[in-house]
Amino acid sequence: MKAIHNLFEKVKPSFTEGGKWEKFFPVYDAFETFAFVPGHSAQSGAHIRDGVDLKRTMVTVIMAMTPALLFGMWNVGLQHYKALGVADQMAFLDLMLFGAWKVLPMVVVSYAVGLGIEFIFAIINKHSINEGYLVSGMLIPLVMPVDIPLWMVAVSTVFAVVIGKEVFGGTGMNILNPALTARAFAFFAYPSWMSGDKVWVNTGGEAVVDGYSGATILGNLATTGQAGTAYADWGIAEMIIGTIPGSIGETSKIAILLGAMILLITGVASWRIMFFSAVGALTMGLIFNAFAEYAISPEQQAFMAVPYWQHLIIGSWAFATVFMATDPVSGAQTEKGKIWYGFFIGFFGIMIRVFNPAYPEGMMLAILLMNVFAPLIDHYVVEANIKRRAKRLKLANA
Amino acid sequence: MSKDIRIKRGLDIRLKGSAEKVLSQAPVPGVYAVQPTDFTGITPKLLVKEGEHVLAGAPLFYSKDDERVRFSSPVSGEIAAIVRGAKRKLLAIHILPDKEQKFAEFKRPDGSDREALIALLLESGMWPFIRQRPYAVIANPSDAPKSIHISCFNTEPLAADVDFVVSGSEEDFQEGLKAMKMLTSGKVHLNVDGSVPVNSLFEKAEGIQLNRFKGPHPAGNVGVQIHHVEPINKGEVVWYAYPQDVVAIGRLMRTGKADFSKVVALAGHSLQQRKYFKALPGTPVKSFTDGQELNGDHRVISGTVLTGNKAGMDGYLGFYHSEITVIPEGEEPEFFGWLIPDPTKFSNSRTLPSWLMPRKEYALDTNMHGEERAFVVTGEYEKVFPFDIYPVQLLKSILVEDIEKMEQLGIYEVAEEDFALCEVVCTSKLPVQSMVRKGLDMVRKELS
């Protein structure tokens, strides 16, 4: 510990003013502050400070995502060997190793590209490197299909970090959730790699079992109105446990629930957003159930008739609600605003999912939409406070 | 008629090192210092020269903006030095005290002449005890305040116990209260701690409004109390003072002498012996900590850990402060400090284990535990900010210097001390208190 600190002290002169690598100080600073929280004491205001900082907050979110990541890796292996018809002969470790082989490169690419851009911007703007990307960098692979080429992950990441975040001034200033910006970019730029029934399960081009289908439940519902196919009849248990095709991190509701509990117990994520997103989704689900008979096609009628509560375990509602909607920067910032923000994410997410078969993943679009509307929601909440104060003044002067 | 008010949002930070309730006399120091920097928002104009002799209660300087507001010497003695800083800013006036203290005599007004009372307070240098909201600055003697609030308890960590510091000054307090009642045509509010039996001193007071507050810090902040009793609107002025200030004013009314002495708590876990002292503002810190060994680097604070000033070992007790707090400096880098769930760290968030130990007393140092960042986390200020005000939105309006928005969002109702907890719990480590002061100064300048 002392030795590491001495090492940092030794190379520090090269990075400070007048040093050989003066320009790269933010890079040095990022590594130093990663290893050591600097020994700065409070210089103005309160003399004691809370032990929490942004790094602690971000690492808590990463811990919350870990169950979904691990399950996702295992499930990638499971789906792969299942498609080949040999899942029964494979040990847990085989599935895990195959999944890691596919997923870890995506994680590495996402972090390398994203942090690389963060470093460049920190050097240009001479500010210290923000922790925000530690979370985004993990989210990006988790919301991608496993078969997406790595270079698409890289390009999406570049777009998300530059256009989604840095042009606005970096972490804390962005309007849209960076990880969802990456997904939306990939979705619209390379639709054939982001939707359909070929991308969710890696078959490696090998021979698959008869009747194999790699479609997700939402894909099936949109085309046939049925959750399962002849290949696999997905039931409630599979939806909850997560042994289904889908984006890497979204399939297991149990893993996501574990993450949600970490986020709620530590208070890092807003329970209001999560709870009201559920309320919104259930409301929309109930509306669809009530009006299913007026659907324009038999498939849609079947989709609308899906029991309202099942929307919470189908597709990415759970993952998006727990990890995406609760991003404090792009979400509503007032406590009252979070209620409406959460509600509309659930409400619109299910609406888009059912009504628009071209976008089975309605949650992504619903959150991006509400990201844009979050400042407006806050505006009205704050405006109510301002009006209350103005009214009080009027009464006092009356 | 008493009123009960419950404050729900806030935070009591339990710290080790409270002062033992024993009163002693601090040794008479060789020098006192009066620091114009104790008084927010005034520009001092000197009235004395080096080598001059002054009486206790004689003016040393006055406010450039209002010549009537004068600041007095707490002791009689010789002006030893006038200390100036950058741009000749007046920092301190050092006074060598006489062996035998001589007080300036003031003529006490008879009856209930408000103007004569104000003149006496101004002349004796007691006026700066009376402060005003908005802006949390010395009151303008020409104003007619809506009411006067006196916060009779302090909820800050390691703060001096108000019941203890005023005990034995009953007569002076009641006399001072009479003066307070003369200063306003409105009510005088005594805001007391509703969670303990009310001190008979406050309960017996006549002709006042008693408000009982229950809840965590900042329930003892006068700003919170005013907000819950009668929130300040634009154009309104509320004056406030603290019980020890009222005692000093009462003493002046009874004796005609400006005696600024008060009871001060010496606290903080850096010290082994912690107790209360009777002392004058401007007393050097050293005469309190006399003989106590301090190993390593420590921070000596005049005031509390939330709102006090860094005084240093060679510093002095500030005019408004009733505490000297000494805690260790925290300048050690923490190896993977953000990753390790250190149980010695305090946190209001539940990302560290401290929430599992709600009764634990902490031995905190001055470490920031992180670096400054932009606003990211939401909802954390609101948990410790018991106002019907959006704190982050108000701070953002200050950052963009939008005075109209600041007014709309309620800047008149707050002062930096009300934001102290926001600053403590801030994940992004933003200098919240100085931001609020900047906003208050901006609005004040714009409207004057």
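### Here's the deal with the overall build of chain B
Tallying secondary structure elements over chain B gives 11 helices and 21 strands in all. Each principal axis of the C-alpha atoms in chain B carries an extent, and together these give about 65 × 50 × 50 Å. Across the 448 residues of chain B, 60% fall into the buried class. Taking contacts inside chain B between residues at least 6 apart in sequence as the whole, the part at least 24 apart equals 69%. Here chain B displays about 17900 Å² of accessible surface, and carbon together with sulfur accounts for 49% of that area. Each charge class in chain B can be summarised by its mean position, and for the 54 positive and 60 negative side chains these summaries are 1 Å apart.

### Observations regarding the domain arrangement of chain A
The assigned domain composition of chain A is domain 1 (2–35) and domain 2 (269–398). Domain 1 of chain A and domain 2 of chain A are separated by 46 Å when their C-alpha centres are compared.

### Here's the deal with the sheet that holds strand β3 (residues 32–34) of chain B
All names here are of chain B. Here four strands make up an open sheet; going across it, the order is β3-β9-β8-β5 and the pairing antiparallel. Edge positions in the sheet fall to β3 and β5 (53–54), since each has one partner strand and no second. Here seven bridges tie strand β8 (residues 77–84) to strand β9 (residues 90–97), and the two strands are oriented antiparallel to one another. Looking at β9, one finds that glutamate 78 is bridged to leucine 96.

### Considerations on helix α11 (residues 432–447) of chain B
Residue and element names in this part refer to chain B. The end-to-end C-alpha distance of α11, which contains 16 residues, comes to 23 Å, matching closely the 22 Å that a straight helix rising 1.5 Å per residue would cover. Buried within α11 we find Val432, Gln433, Met435, Val436, Arg437, Gly439, Leu440, Met442 and Val443. Those residues of α11 that are buried are in contact with β11 (137–138), α8 (391–399), α9 (403–409) and α10 (420–425).

### Things to note about the interface of chain B and chain A
Listed by partner, the interface residues are 74 residues for chain B and 60 residues for chain A. Where chain B abuts chain A, roughly 5800 Å² becomes buried across the two surfaces, and 55% of that area is made up of carbon and sulfur atoms. Our count for the contact surface shared by chain B and chain A stands at six salt bridges. Across the contact surface, chain B and chain A share 40 residue pairs in polar contact (both at pLDDT 80 or more).

### Section: the packing of helix α3 (residues 170–183) of chain B against helix α6 (residues 243–255) of chain B
Residues and elements named next belong to chain B. Between α3 and α6, the shortest axis-to-axis distance is 6 Å and the interhelical angle comes to 90 degrees. Comparing their axes, α6 and α3 come out roughly perpendicular. The segment α3 lies against α6, with Glu171, Asp172, Phe173, Glu175, Gly176, Leu177, Ala179 and Met180 engaging Pro243, Val246, Val247, Ile249, Gly250, Arg251, Met253 and Arg254. Of the residues that constitute the contact of α3 with α6, the class distribution is nine nonpolar, two polar and five charged.

### Examining empty space enclosed by the protein
All names here are of chain A. Applying the stated rule across the entire model yields seven cavities of 30 Å³ or more. Looking at the largest cavity, its volume works out to about 340 Å³. Forming the boundary of the largest cavity are 24 residues, of which Met58, Val61, Val135, Asp327 and Pro328 lie nearest the centre. Looking at which element gives the most residues to the lining of the largest cavity, the answer is helix α5 (residues 132–142), with four residues. Of the residues contributing to the lining of the largest cavity, the split by class is 15 nonpolar, seven polar and two charged.

### Section: the pairing of strand β6 (residues 59–63) of chain B
Residues and elements named next belong to chain B. In terms of burial, β6 is a largely internal element, four of the five residues being buried. Here strand β4 (residues 44–46) runs beside β6; their pairing, made up of three bridges, is antiparallel. By the bridge assignment for β6, lysine 45 is matched with tyrosine 62. Across three bridges, β6 lies against strand β7 (residues 70–72) in antiparallel orientation. Within the sheet, the bridge partner assigned to phenylalanine 61 lies in β7 and is phenylalanine 71. Taking the residues between adjacent antiparallel strands as the criterion, β6 and β7 are bridged by six residues.

### With respect to the domain arrangement of chain B
Residues and elements named next belong to chain B. When its domains are assigned, chain B resolves into domain 1 (2–16 + 107–255), domain 2 (21–27 + 263–328), domain 3 (32–97) and domain 4 (368–447). For domain 2 and domain 3, the distance between their C-alpha centres works out to 22 Å. Taken together, the contact pairs 10 residues of domain 2 with eight residues of domain 3. Carbon and sulfur atoms supply 63% of the area buried between domain 2 and domain 3, which totals about 760 Å² over both sides. When the buried surface of domain 2 facing domain 3 is broken down by residue, Leu280, Tyr316 and Phe319 rank first, second and third, together holding 53% of it. At the surface where domain 2 touches domain 3, the tally comes to zero salt bridges. The tally of links from domain 2 across to domain 3 stands at two residue pairs in polar contact (both at pLDDT 80 or more). Tallied by class, the residues present in the side of domain 2 that touches domain 3 amount to six nonpolar, four polar and no charged.

### Examining the environment of Pro298(A)
With respect to the helices, strands and loops of the structure, Pro298(A) is situated in helix α13 (residues 298–304). Assessed through its relative accessible area of 60%, Pro298(A) is described here as exposed.

### With respect to the sheet that holds β6(B)
All names here are of chain B. Spatial strand order, β4-β6-β7: three strands in an open sheet with antiparallel pairing. Each of the sheet's edge strands pairs with one partner strand only, and the pair in question is β4 and β7. The sheet shows a mean angle of 35 degrees between the axes of neighbouring strands, taken without regard to direction.

### Topic: the pattern of salt bridges
Following the criterion strictly, the structure yields 30 salt bridges over all chains and no others. Its salt-bridge partner being Glu131(A), residue Arg373(B) comes within 2.8 Å of it at the nearest N-O pair. With Arg373(B) in the loop between β21 (334–335) and α8 and Glu131(A) in the loop between α4 (92–125) and α5, this residue pair bridges two chains. Ionic pairing is found between Asp4(B) and Arg212(B), a salt bridge with its closest N-O pair at 3.9 Å. You can see Asp4(B) sitting in strand β1 (residues 2–6) and its partner Arg212(B) sitting in strand β14 (residues 209–214), a full 208 residues away along the chain. On the basis of relative accessible area, Asp4(B) is assigned to the exposed category, the value being 58%. The exposure class assigned to Arg212(B) is partly exposed, which follows from its relative accessible area of 23%.

### A short note on the nonpolar core
Counting residues in hydrophobic clusters, the biggest one holds 107 residues, and the most contacted among them are Met65(A), Phe319(A), Phe323(A), Met324(A) and Tyr341(A). The element best represented in this core is helix α3 (residues 54–83) of chain A, accounting for 15 residues. One finds Val54(B), Met126(B), Ile130(B) and Phe164(B) within the second-largest nonpolar core, a separate group that totals 70 residues.

### Section: a nonpolar patch on the surface
Residue and element names in this part refer to chain A. Residues Ile163, Val167, Phe168, Met173, Ile175, Leu369, Val372, Phe373, Leu376 and Tyr380 make up a contiguous nonpolar surface patch of about 900 Å² in total accessible area. Summarising the element assignment, valine 372 is placed in helix α16 (residues 362–397). On the accessibility criterion, valine 372 (48% relative accessible area) is partly exposed.

What counts, and where the lines are drawn
Residues numbered from 1 in each chain as written. Chains lettered and ligands numbered in written order. Predicted model: local features only at pLDDT ≥ 70, side-chain atom pairs only at ≥ 80, totals over all residues. Heavy atoms only, no water. Helix = DSSP H or I, 4+ residues; strand = E, 2+ residues; numbered from the N terminus. Buried < 20%, exposed > 50% of the residue type's maximum accessible area, 1.4 Å probe, protein only. Contact = heavy atoms within 4.5 Å. Areas by Shrake-Rupley, 256 points an atom, 1.4 Å probe, with all protein chains shown as cover. Lys, Arg positive; Asp, Glu negative; His and termini not counted. Charge placed at Lys NZ, Arg CZ, Asp CG, Glu CD. Domains from an automatic or database assignment. Pairing = 2+ DSSP bridges. Expected span 1.5 Å × (residues − 1). Buried area = accessible area lost by both parts, 1.4 Å probe. Salt bridge = Lys/Arg side-chain N within 4 Å of Asp/Glu carboxyl O. Polar contact = N/O pair within 3.5 Å; in protein donor to acceptor, adjacent residues only side chain to side chain. Axes fitted to C-alpha atoms, helices over the stretch in contact; angles between N-to-C directions. Parallel < 35°, antiparallel > 145°, perpendicular 65-115°, else oblique. Nonpolar A, V, L, I, M, F, W, Y, C, P; charged D, E, K, R; others polar. 1 Å grid on protein atoms, 1.4 Å probe; cavity = no way out; pocket = protein on both sides within 12 Å on 5 of 7 lines; lining within 4 Å. Points joined across faces, edges and corners; volume = space filled by probe spheres on them. Core = buried A, V, L, I, M, F, W, Y, C linked by side-chain atoms within 4.5 Å. Patch = residues over 30% accessible without salt bridge, like charges linked within 9 Å, V, L, I, M, F, W, Y side chains within 5 Å.

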